[in-house]
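# Descriptive structure summary
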Amino acid sequence: MTAVDAVSIITTKRDGGELSDAQIDWVVDGFTKGAVADEQMAALAMAIVWRGMTRRETARWTNAMIASGRRMDFTDLPRPTVDKHSTGGVGDKITLPLAPLVAACGAVVPQLSGRGLGHTGGTLDKLEAIPGWRADVPVARMREILSDPGIGAVVCAAGADLAPADKRLYALRDVTGTVESIPLIASSIMSKKIAEGTAALVLDVKVGSGAFLKTLDGARELATAMVELGTDAGVRTVALLTAMDTPLGRTAGNALEVAESVEVLAGGGPADIVELTLTLAREMVAQAGLDIDPADALADGRAMDHWRAMIQAQGGDPDAPLPRAKHTEIIRAERDGVLTRLDAMAVGIATWRLGAGRARQGDPVQFGAGIEMHAKPGDSVTTGEPLLTLHTDTPEAFSGALAALENSFTIGTAPPPQPPLILDRIAP
Ligand code: URA
């Protein structure tokens, strides 16, 4: 019988022991209700950062966080549910074309999404750039939208009752240097995705300079932990590891990314966005048990029809002009050659400094702010040609953004090797 009190739990983990199911249930429940103090949970989180958790502990921790709130259930819907989660990257607007595309293939996509913090943007911030669009959708309305075969996808904010233990814990980890732990990250992400009620899940785990995880080994470890958690919870889960050394597509920033997503839905758009959207869509459709090629639904306009319906269902006007920033500044090529490198992290930080992202939860974002990338690695450039256009409503932001972009790109003489976008696939 293990001792179930905060200090025993902290010292057990501090000394490298394994927590019992009862200890995990008690501490997560106590923290959610305020019986376990923030400093005690912070000490435990730090012990977990150093000592880790076993597969059993991580699964139990995840379940305890799910049990702290409401678990949604869409099993009564006549079509299969499937969702995608990305660990976040620069220019990662994939959810925007992907959700309506997968809905157009006959699946139901219930996506509870987040706002951006730091250098990676949030899907809700991007969609809120569309005039009238609202992120808050009551559960009954969510169910109506998902049941409508002409829509079939909702991207909305998670309610306060979805894994509230994770909300409290994530805020605490953020200020105590305890975010970087594979079991804590995996359980944080998966508690929300499992509670959301999807039957299948495709994870896009980003790897590279602009990603949370910089190495393939780290990303593989996180992906494996998340696939195990999903599988143990009865959610069909696979993960793709995808490259994030250079930004995705040719835009970073909310309204700019919406416009690029609409280009993809109209049959155009940058090749990397189309490739990743179709690859993830194929995985999602397969996980949903459907035998259909998403490329057909993209090419014949069905995905665009679902996009328009999805935006309208949440109050948005898909035909309204998107916000544009008041000021622009152009960075030009200083020599002829080939762009060999464009660093994702630098572009992400510059985009954030231009006003597209927030430093603290609850800060407003500028919808028009961001960066257009006129050249990507592999493109030829000539002296004086625009490489990047910076957009902001607050011109005093240009100096910080320009500083972030110093040494962010290289112009060489020979085309760089083009590394693959999809680096690995982790299945149960
Ligand atoms: N995203 C989450 O939702 N949780 C983490 O712990 C890290 C990233």
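Scope of this entry: the structure provided in the associated data block. (Residues numbered from 1 in each chain as written. Predicted model: local features only at pLDDT ≥ 70, side-chain atom pairs only at ≥ 80, totals over all residues. Heavy atoms only, no water.)

For the α-helix, the turn length of 3.6 residues means that residues three or four positions removed from each other point alike. Where helix H16 (residues 398-405) is concerned, the buried positions are Phe398, Ala401, Ala404 and Leu405. Viewed along the axis of H16, the buried residues span an arc of 125 degrees, placing them on a single side of the element. Check the buried side of H16 and you find it contacts strand E7 (327-332), helix H15 (344-356), strand E9 (370-373) and strand E11 (386-392). Positive phi shows up at asparagine 407, right after H16, with a value of about 60 degrees. (Buried < 20%, exposed > 50% of the residue type's maximum accessible area, 1.4 Å probe, protein only. Helix = DSSP H or I, 4+ residues; strand = E, 2+ residues; numbered from the N terminus. Arc of directions from axis to C-beta. Contact = heavy atoms within 4.5 Å.)

So, on to the site of the ligand. Every residue close to the ligand is listed here: Tyr170, Arg173, Ile185, Ser188, Ile189 and Lys192. Taking lysine 192, its side chain carries an N or O atom lying 2.5 Å from an oxygen atom of the ligand. Starting from 240 Å² of accessible surface for the ligand in isolation, the protein chains cover 85%. Considering every element that reaches the shell around the ligand, the biggest residue donor is helix H9 (residues 182-195), with four residues. (Near = heavy atom within 4 Å. Polar contact = N/O pair within 3.5 Å; in protein donor to acceptor, adjacent residues only side chain to side chain. Areas by Shrake-Rupley, 256 points an atom, 1.4 Å probe, with all protein chains shown as cover.)

Here the focus is the packing of aromatic side chains. Aromatic ring pairs are described here by two measures, namely the spacing of the ring centres and the angle between the planes. Counted according to the given criterion, the structure contains zero aromatic pairs. Directly above the aromatic system of phenylalanine 31 lies the positively charged group of arginine 168, at a separation of 4.4 Å from the ring centroid. Over the ring of tyrosine 170 we find lysine 192; its NZ or CZ atom is 5.6 Å from the centre of that ring. (Phe/Tyr/Trp six-rings, centres within 6.5 Å; stacked < 30°, edge-to-face > 60°. Lys NZ or Arg CZ within 6 Å of the ring centre and 35° of its normal.)

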